[in-house]
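Chains, contacts and geometry: an overview
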Amino acid sequence: RTRAGNIYMSDDSGDNWKLVISYNGRGISCICTNSNGQFVFAFEGDSGGGILHVSNTFGSSWSSSFSSKQYWTSITCSGDGKYVYSSLGAYVNDNNYLYRSSDFGKTWLVSYSQSSSWSAISTSSNGQYVLAAYPYGYVYQSNDFGLTWDISNYKPAFWTCISICYSGD
């Protein structure tokens, strides 16, 4: 759970929350964890860009992994945390990227680029299947860990969020 630049975590199904990290500055725009909570990925930023923070210790310690000049709209990871995907959206007419990491968020590569801002991204448990959407547009899909992308057969719509099932089928 996030509030402003703070990240809170619960180890009792949400009954109680404790502050695990506080960033003095911009808010947390998106956050995700792997299936057991060991890996936590949180983007601190705003329209001017920001920094991806990563924990591989269930949120007890954090490191900065990646810096961007663009706003991250969504982040998702595989069940084991190995594959991490992010969607970016800028407030100017720049290229807007989908990024992918295949090493637990240590290094990042551009997976796909287009001129419209992305709004959401989601992956299957093993990280092989990925869906990404942008507002007033299409849903894109990848069946090969984000290496290649195709427009799906979903009709254009105002996409604000997207989800994929555990298996990706």
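The structure under discussion appears in the preceding block.
Here goes a summary of the coordinates provided.

In this fold, E44 is placed in strand β5 (residues 40–46). Polar side-chain contacts of E44 include one of 2.8 Å to the side chain of H53. Excluding residues within four positions of it along the chain, E44 makes contact with Y23, R26, G27, I28, G49, G50, I51 and H53.

Here we take up the packing of aromatic side chains. Under the defined criterion, the tally for this structure stands at 10 aromatic pairs. Centre to centre, the rings of Y83 and F145 are 4.6 Å apart; their planes meet at 35°, and the pair counts as tilted. With Y83 in the loop between β8 (71–77) and β9 (84–89) and F145 in the loop between β14 (139–142) and β15 (150–151), the pair connects residues that are 62 residues apart, well separated along the chain. When the centroid spacing of 5.2 Å and the interplanar angle of 45° are considered together, the rings of Y112 and Y140 count as tilted. Taken together, the positions of Y112 in strand β11 (residues 109–114) and Y140 in strand β14 put the pair 28 residues apart, joining distant regions of the chain. Through a chain of ring-to-ring contacts, three or more aromatic side chains come together here, namely Y112, W118, Y134, Y140 and W149.

Let us look at the pairing of β14. Both faces of the sheet carry side chains from a regular strand, because those side chains alternate between them. As paired elements, strand β13 (residues 130–133) and β14 share four bridges and run antiparallel to each other. When the bridges of β14 are listed, V130 appears paired with S142. Note: β14 against β15, two bridges, orientation antiparallel. Considered in β15, the bridge of Q141 is made with D150.

For the rest of this paragraph, the subject is the environment of D103. With respect to the helices and strands, the residue D103 is situated in the loop between β10 (96–101) and β11. Relative accessible area serves as the criterion here: at 22%, D103 is assigned to the partly exposed category. Separated by 22 residues in sequence, D103 and G81 have C-alpha atoms that sit 8.4 Å apart. Looking at D103, its side chain comes within polar contact range of the side chain of T107, at 2.6 Å.

Turning to the sheet that holds β9, a few remarks are in order. As summarised here, the arrangement of the four strands in space is β8-β9-β10-β11, forming an open sheet in which the pairing is antiparallel. Strands with a single pairing partner mark the edges of an open sheet, and in this sheet they are β8 and β11. On average, each strand axis in the sheet is tilted by 20° relative to the strand beside it, whichever way the strands run. Looking at chain direction, β9 and β10 are connected through four bridges and run antiparallel. Paired with S87 across the strands is L98, a residue of β10.

Counting residues in each nonpolar core, the largest one holds 15 residues, and the members touching the most others are F41, L52, F66, W72, I75, V84 and W108. Looking at which element gives the most residues to this core, the answer is β8, with three residues. With near-sequence residues (within four places) excluded, W108 lies in contact with L52, S65, F66, W72, V84, Y85, S86, Y99, R100 and S101. One finds L98, I121, A132 and W149 within the second-largest nonpolar core, a separate group that totals 10 residues.

Reading the values: the criteria
Residues numbered from 1 in each chain as written. Predicted model: local features only at pLDDT ≥ 70, side-chain atom pairs only at ≥ 80, totals over all residues. Heavy atoms only, no water. Helix = DSSP H or I, 4+ residues; strand = E, 2+ residues; numbered from the N terminus. Polar contact = N/O pair within 3.5 Å; in protein donor to acceptor, adjacent residues only side chain to side chain. Contact = heavy atoms within 4.5 Å. Phe/Tyr/Trp six-rings, centres within 6.5 Å; stacked < 30°, edge-to-face > 60°. Pairing = 2+ DSSP bridges. Buried < 20%, exposed > 50% of the residue type's maximum accessible area, 1.4 Å probe, protein only. Axes fitted to C-alpha atoms, helices over the stretch in contact; angles between N-to-C directions. Core = buried A, V, L, I, M, F, W, Y, C linked by side-chain atoms within 4.5 Å.

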